[in-house]
Structure formats: C-alpha cells, structure tokens
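Below are the chains, spelled out letter by letter.
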Amino acid sequence: MSDLVGQYFDAAISHLQRVRAEEADNIERAAELLADALSGGRRVFTYGAGHSSLAAQDVVYRAGGLVPVNLLDVPGMAGVTVRPAPLASALERVSGLATTTLDHTPARAGDLLFVISLSGRQVMPVELAAHARSRGLHVIGLTSLAYPAEVSSQHPSGTYLKDHCDVVLDNKIAVGDGELTHPGAATTFGPVSTIVTSALMQAVVASAVGRLADRGIEPPLFRSGNVDGGTEWNAKLMADNADRIFYTF
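Residues numbered from 1 in each chain as written. Predicted model: local features only at pLDDT ≥ 70, side-chain atom pairs only at ≥ 80, totals over all residues. Heavy atoms only, no water.

(A) Here's a closer look at the sheet that holds strand 2 (residues 69-71). Spatial strand order, 2-1-3-4-5: five strands in an open sheet with parallel pairing. Each end of this open sheet is capped by a strand with a single partner; those strands are strand 2 and strand 5 (167-170). When strand polarity is set aside, the average angle formed by the axes of neighbouring strands in this sheet is 20°. Strand direction decides the pairing type here: strand 3 (residues 112-116) and strand 4 (residues 138-143), joined by five bridges, are parallel. Among the inter-strand pairings, Leu113 is bridged to a residue of strand 4, identified as Val139. Along the sheet, helix 2 (residues 24-39) makes contact with strand 1 (44-48), strand 3, strand 4 and strand 5, crossing strand 5 at roughly 130°. (Pairing = 2+ DSSP bridges. Helix = DSSP H or I, 4+ residues; strand = E, 2+ residues; numbered from the N terminus. Axes fitted to C-alpha atoms, helices over the stretch in contact; angles between N-to-C directions. Contact = heavy atoms within 4.5 Å.)

Structural data, given as structure tokens:
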C-alpha cells in the first residue's frame, strides 16, 4: 500500500470518528424528525446538488433503505450526468429553479426535507431550505460549517444553508474538500466528503429505524432485490406506501 493510499484511508476514518463523536446529538435530533415524519404519515424528500446528490440518492430506493424517502430531482442537479457538466454548477446559482420544483411536488406542511450542500453557500440550497421552511416543512441540512467562516455566501441575503434548517449536521470537511497533498500536485486531492456525508445520512436512517421499532411500528424497509422474495416484498411495501412515494412513475 502506497503512503498516499494509507493517508487517504486514515483521513476518511478520522473524519468518520470525529463526526460520530461530535455530531451524535444532532444525528439523534435528525433521526427523531425522520421517525416522527414516517410514523405520522408524512412525506420525506432528499436533495443535493452536484456530487452532494450522491448522498441524497444513497438513501432512496435501496436495500435496507426506508421506502417513503424520495429524491427531490431538481432539473440539471444530478452532477456529472448533465451535459455539459459545468452546466450543473451554473444552475446551482439560478434563483427560482429549486423552489419552483418543490412547488410542483406533493410536498406539504409537516413533511421533511434533507438538503445537502458541502459549502452551503450557493443560491439553490439556501433558497430551497428557506422556501421549504416558509411552507411549513421541516428541514435537515448536511453541510460543512467550515465554509461560512471562510467563504462568502452567493445568496443575495448573505445567508447560508445552516441558517435555514431545523437541524444542521456538520460533516467537518475543510474548505476545498481535499485531504491529500503532493509536491507535484498544484492543489489538494483525495476528497472524503461523499463518504462522510453518506455515512451521516445512513446513521440518521439507522437511528430512525430503531426509533420506529421501539415504538412498535414496523419500519418500512426495502429488501435486496437479489435475494429470493425480495422483489415481491418490495412491491408490497411500495403499494402499501403508494401515497408517499413518487419514484415509481
């Protein structure tokens, strides 16, 4: 194993351990909101722009995941699937796109929205979180609180994602999102933001599942479609939760 490989794994493990210790209370607060939403028949949505969309997608329609969790699919925000790829970055600075998308979904007061943005500075995540709360949704933000201390907000209000959330989960990622250096490389590399942010999302889901089970509510969990009976199990759960899922058509 090269030294850089070891450094990368060490950086990822260190971040995970730090987030586990320092964000424990916020993880539980977020899990309580998620469990309450699910037990109360509410809708749950996740959103992330660019590579932040990976963590948003990771808890949607997957084995071991909660059935009534939906991706808020804002046009052009799926990162490198957009052509040309820089268009996704440009769209994140466009006012009105995310809010209009939310207004055309079945989201309503009392529902829950996860907004994921590493910097939390761009127009779209700030506007989306603020608009969702104005409509009565609960908002959980996943971001790095290192950014507001070092970079300017791109939203006209001067605010950041963190300013428009019921709960903020800090992934502790340093500005620039690179953990490694090399004398021959002009900038940092080896990002761990996707690993850490996805772990935070899955930790919230895990705690919410436990809370539901402790309340005597069977958590609506997908099984793997690659095990016998999994497809049939999932079809039944999706039918049972048809009024809260929006990814089947």
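Here the narrative resumes.
(B) View of the packing of aromatic side chains. What the rule picks out here adds up to four aromatic pairs. Centre to centre, the rings of Tyr8 and Phe9 are 6.2 Å apart; their planes meet at 75°, and the pair counts as edge-to-face. Among the residues examined, Tyr8 registers a relative accessible area of 22% and is labelled partly exposed. Here Tyr61 and Phe222 contribute two aromatic rings whose centre-to-centre distance is 5.3 Å and whose plane-to-plane angle is 90°, an arrangement assigned as edge-to-face. Here Phe222 lies in the loop between helix 7 (193-214) and helix 8 (230-240) and Tyr61 lies in the loop between helix 3 (52-57) and strand 2, a separation of 161 residues in the sequence. Under the relative-accessibility criterion, Tyr61 is labelled exposed at 52%. Put simply, the rings of Tyr61, Phe222 and Tyr247 touch in pairs and so form one group of aromatic residues. Note that Arg223 overlies the ring of Trp233, its terminal NZ or CZ placed 3.5 Å from the centroid. (Phe/Tyr/Trp six-rings, centres within 6.5 Å; stacked < 30°, edge-to-face > 60°. Buried < 20%, exposed > 50% of the residue type's maximum accessible area, 1.4 Å probe, protein only. Lys NZ or Arg CZ within 6 Å of the ring centre and 35° of its normal.)

(C) Expanded view of the pairing of strand 5. The alternating pattern of strand 5 places Val167 and Leu169 and Val168 and Asp170 on opposite faces, both of which are buried. With four bridges connecting them, strand 4 and strand 5 associate as parallel partners. By the bridge assignment, Leu142 is partnered in strand 5 with Leu169.

(D) View of a nonpolar patch on the surface. There is a patch of nonpolar side chains on the surface, built from Val5, Phe9 and Ile13 and spanning about 260 Å² of accessible area. Secondary-structure assignment places Val5 in helix 1 (residues 3-22). Accessibility expressed as a relative area gives 34% for Val5, which makes it partly exposed. (Patch = residues over 30% accessible without salt bridge, like charges linked within 9 Å, V, L, I, M, F, W, Y side chains within 5 Å. Areas by Shrake-Rupley, 256 points an atom, 1.4 Å probe, with all protein chains shown as cover. Salt bridge = Lys/Arg side-chain N within 4 Å of Asp/Glu carboxyl O.)

(E) The arrangement of the nonpolar core in detail. Grouped together as the largest cluster of nonpolar side chains are 36 residues, with contacts concentrated most on Leu34, Val44, Phe114, Ile140, Leu142, Leu169 and Val204. Looking at this core, the elements with two or more residues in it are helix 1, helix 2, helix 3, strand 3, strand 4, strand 5 and helix 7. Ranked by the residues each element gives to this core, the list is headed by helix 7, at eight residues. Filtering out sequence-adjacent residues up to four positions away, Val204 remains in contact with Ile27, Ala30, Ala31, Leu34, Phe114 and Leu169. (Core = buried A, V, L, I, M, F, W, Y, C linked by side-chain atoms within 4.5 Å.)

(F) Here's a closer look at the side chain of Glu92. Along the chain, the position of Glu92 falls in the loop between helix 4 (86-91) and helix 5 (97-103). Arg93 provides the closest opposite charge to the buried, salt-bridge-free Glu92, at an N-O distance of 6.3 Å. If we ignore the near neighbours within four places in the chain, the residues touching Glu92 are Ala49, Met77, Ser117, Gln122, Val123, Met124 and Pro125. (Lys, Arg positive; Asp, Glu negative; His and termini not counted.)

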